[in-house]
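Analysis of the macromolecular model
Each chain, letter by letter, is given below.
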Amino acid sequence: MTKISGARALLESLEKHKVDTIFGILGGAILPVYDELYSHPQIRHILARHEQCAAHEAEGYAKASGRVGVCMATSGPGATNLVTGLADAYMDSIPLVALTGQVPTSGVNTSYMIGRDAFQEADIIGIVTAVTKYSYQPRSLAEIPEMVNNAFYLASTGRPGPVLIDLPKNIQTGVDDIEYTNKINLRGYNPITEPKPSKINQASELLAKAERPIILAGGGAISAGASDELVAMSDLLMAPVATTFMGKGVFPEGHPLSLGSIGMHGNPAANKLIDEADVLLAVGTRFSDRATASLSTFAPDAKKIHIEIDNAEINKNIEVDVPIVADAKKTLQALLVATKTKLARGDGIVWTKRVKEAKEQLSPLLKDNPCDVVPKHLLMALRELLPENGIVTTEVGQNQMWSALYFRALKPRTFISSGGLGTMGFGFPAAIGAKVACPERPVVDIAGDGSFIMSEQELACSVSENIPVVVIVLNNSVLGMVAQWQRALYNRRYMAVNLGKTPDMVKLAEAYGAQGIRVQSMEAFKNAVKQALKGNVTTVIDVPIGSETDVVPFVPPGCGLPQQRGDY
Amino acid sequence: MEAGKTKVISVLVENKPGVLHMIANLFRRRNFNIESITVGPSVEPDSSRMTITVKGDDKTLDQVVKQVAKQIDVLKVVELEYGGLVMRELSLIKVAVKDAKERSDIINFVEVFRGRIVDVSTDSLIVEITGTPDKIDAFLNVMKTFDILELARTGITALGRGTKSIRINE
């Protein structure tokens, strides 16, 4: 055995896990790893311009590809800047491995060491405990290979999530005999993937007899890769499929039985029909408050089956009749077989007719002039211009909810957004990460001006690293979603929502070496998108829209899903 | 959280730094109420045993168990059934003593509660008492008639009755 450094042991371990990209920013305490990176050209390092964005880029990479995203930062401020990204990944169950530098564990004749409040020291393990699935800090080099195995295994299995490895500088530079291993040592972690036959039996009995079945698919169904099974189940039961916001795309939204998303700003057909269903098959969802609205009125008539990999989600928000703790794909496969043999209900024509009628009644109203430059028209036009596998990311706020309402996602992993944490500034770096994972596919960030300026500096990253994406800025010069709340719930007392003189987005793009296009008509918008998709440089399309345009429909706080107000 | 009932859970965890922080942090962020928590080595050398007393309604207690079980360093969680467990807490109480009469009164109470005097000085006593939390509460109620100078309680530790034991691989 040859003696190697901790930094080399780390990078060779990452290579064993087929890591091809690291998003990061360097600094003093992580320098030995960056120095080692020099000798590992097969790992592409993408220099973010803010660590938060490095984390979001890794999230976009992970969401688009299904692989583990890797981000890296130095100690202290570098590490703390990652925290929002880790919290975001934790909420949305995104597999991430974050690497941080740390001051040394010991030193001779120096106080540059852990526990002495050294320069750029932050207790990142203490800080991230609540927002990571797990975190590690090796105290010897020999621990590194197994620790990396554990980290990747934890991040990508069970309910996926972020794992942090904090690397004291002396561990990076130290030299020792390193033995690589495939061993994973996690005796307290045994995710259940196989469904219990008794539960499959109970669930299939309910489904086989259901008169008005509905399927609700969440982000867990995407993680499990259960799209085909959902389509098969929907076809078998003639059950309409609603998704949560995080599940968007797992069921093709062009399918006749697709209802779109439920929720506070959900599609009316979805919100209405979930209220009428007699059996609800929920797949990979945690029943978040934004999805269910008032808990007591959620799917009140439905017997509820809940397929979920995380046992702690069972009965956390919604009490269910048949909980199935297992992998969603495997469970749906077993349920399909079991239900097929039992199918006992009539032809289901009444429910099918009701679904069709609800979808027609509650489909988007196109009464406005189709030439009006409004979010609805822009997003529907974008769908026409993007191929089926084109990837859309969104920022957070009105842009996000309009995208959920009007942009039809046709494939899983093509709609990427910050659902749980609601992180403004997420969309653009996530788009960069998605483009790195899927360079052959177009990637578009649907942005608001407020969110975009929270991470616009990543234009430097996308231009320098040659990662061309398209940013569509729905520019209303206002923090639109909170302004809408102030309008609706605070008697129009606008406070701190007006963005005043926002930057000229065209000049901003050009300043970074990107392309900027401002459009004032639907025709110009379509041409700009076509031009941007053909181009090989990041393009910002600035679309001025009205500053008082609301996202409707809307379920007011405290109300149930069917009490949605406003026109679709 | 509603007042609800009290539950004692036994948790086997990896004997690693940071585990107590992780559990304490979990209770805080999930808005669970810890009544007491005790930690010490278990029969298996690389694991520790935590005994956590928690108060809440059924739904909350169900969540507590699930969320604790979900932690990577938690090897096993068992809810101990009231009635089916032996539960003990130890308390040390330092009491000021004015005169001989007070001293003999205190010693009498200590005998009745089967405590022990573990330290004596001219004007104070330290009493050790072990028992269920109820017994200790009752004793403290009596002692309140004197001048309690200091009080230390360990919190509950507990085991289920009978031969059945909580092991990692069972």
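Look up: the structure comes first, before these words.
Residues numbered from 1 in each chain as written. Chains lettered and ligands numbered in written order. Predicted model: local features only at pLDDT ≥ 70, side-chain atom pairs only at ≥ 80, totals over all residues. Heavy atoms only, no water.

1. Brief notes about the overall build of chain B
Secondary structure assignment for chain B yields four helices and nine strands. Judged by the C-alpha coordinates and their principal axes, chain B covers about 55 × 35 × 30 Å. Scored against the burial criterion, the 170 residues of chain B give a buried share of 44%. Considering only contacts in chain B between residues 6 or more positions apart, those separated by 24 or more positions represent 75%. Surface summary for chain B: the accessible area is close to 9200 Å², and the carbon and sulfur share equals 52%. (Helix = DSSP H or I, 4+ residues; strand = E, 2+ residues; numbered from the N terminus. Buried < 20%, exposed > 50% of the residue type's maximum accessible area, 1.4 Å probe, protein only. Contact = heavy atoms within 4.5 Å. Areas by Shrake-Rupley, 256 points an atom, 1.4 Å probe, with all protein chains shown as cover.)

2. Details of helix α6 (residues 144-156) of chain A
Turn by turn, an α-helix covers 3.6 residues, leaving residues three or four places apart pointing in a common direction. Residue and element names in this part refer to chain A. Taking 1.5 Å per residue as the helical rise, α6 with its 13 residues ought to reach 18 Å, and the 18 Å between its terminal C-alpha atoms agrees with that figure. Summarising burial for α6: 10 of the 13 residues are buried, a large majority. What α6 keeps buried is the set I144, P145, M147, V148, N149, N150, A151, F152, L154 and A155. In this fold, the buried residues of α6 make contact with α1 (6-16), β4 (69-73), β5 (96-102), β6 (134-136), β7 (162-168) and α7 (169-173). Positive backbone phi, approximately 55 degrees, marks G158, located one or two places after α6. (Expected span 1.5 Å × (residues − 1).)

3. Re the pattern of salt bridges
Side-chain pairs of opposite charge can arise where the charged atoms are in close proximity. Overall, the coordinates contain 33 salt bridges over all chains when judged by the stated rule. Between A:K248 and A:E253 there is a salt bridge whose closest N-O contact spans 2.7 Å. When sorted by exposure, A:K248 lands in the same class as A:E253, which is buried. Where B:D73 meets B:K16, a salt bridge forms, and the shortest distance between an N and an O atom there is 3.3 Å. Residue B:D73 is found in the loop between α2 (58-70) and β4 (74-80), and its partner B:K16 is found in the loop between β1 (5-14) and α1 (19-29); the two are separated by 57 residues along the sequence. By relative accessible area, which is 6% here, B:D73 ends up buried. By relative accessible area, B:K16 is classed as partly exposed at 38%. Through salt bridges with shared partners, a single network forms among A:R159, A:D310, A:E313, A:K316 and B:K70. (Salt bridge = Lys/Arg side-chain N within 4 Å of Asp/Glu carboxyl O.)

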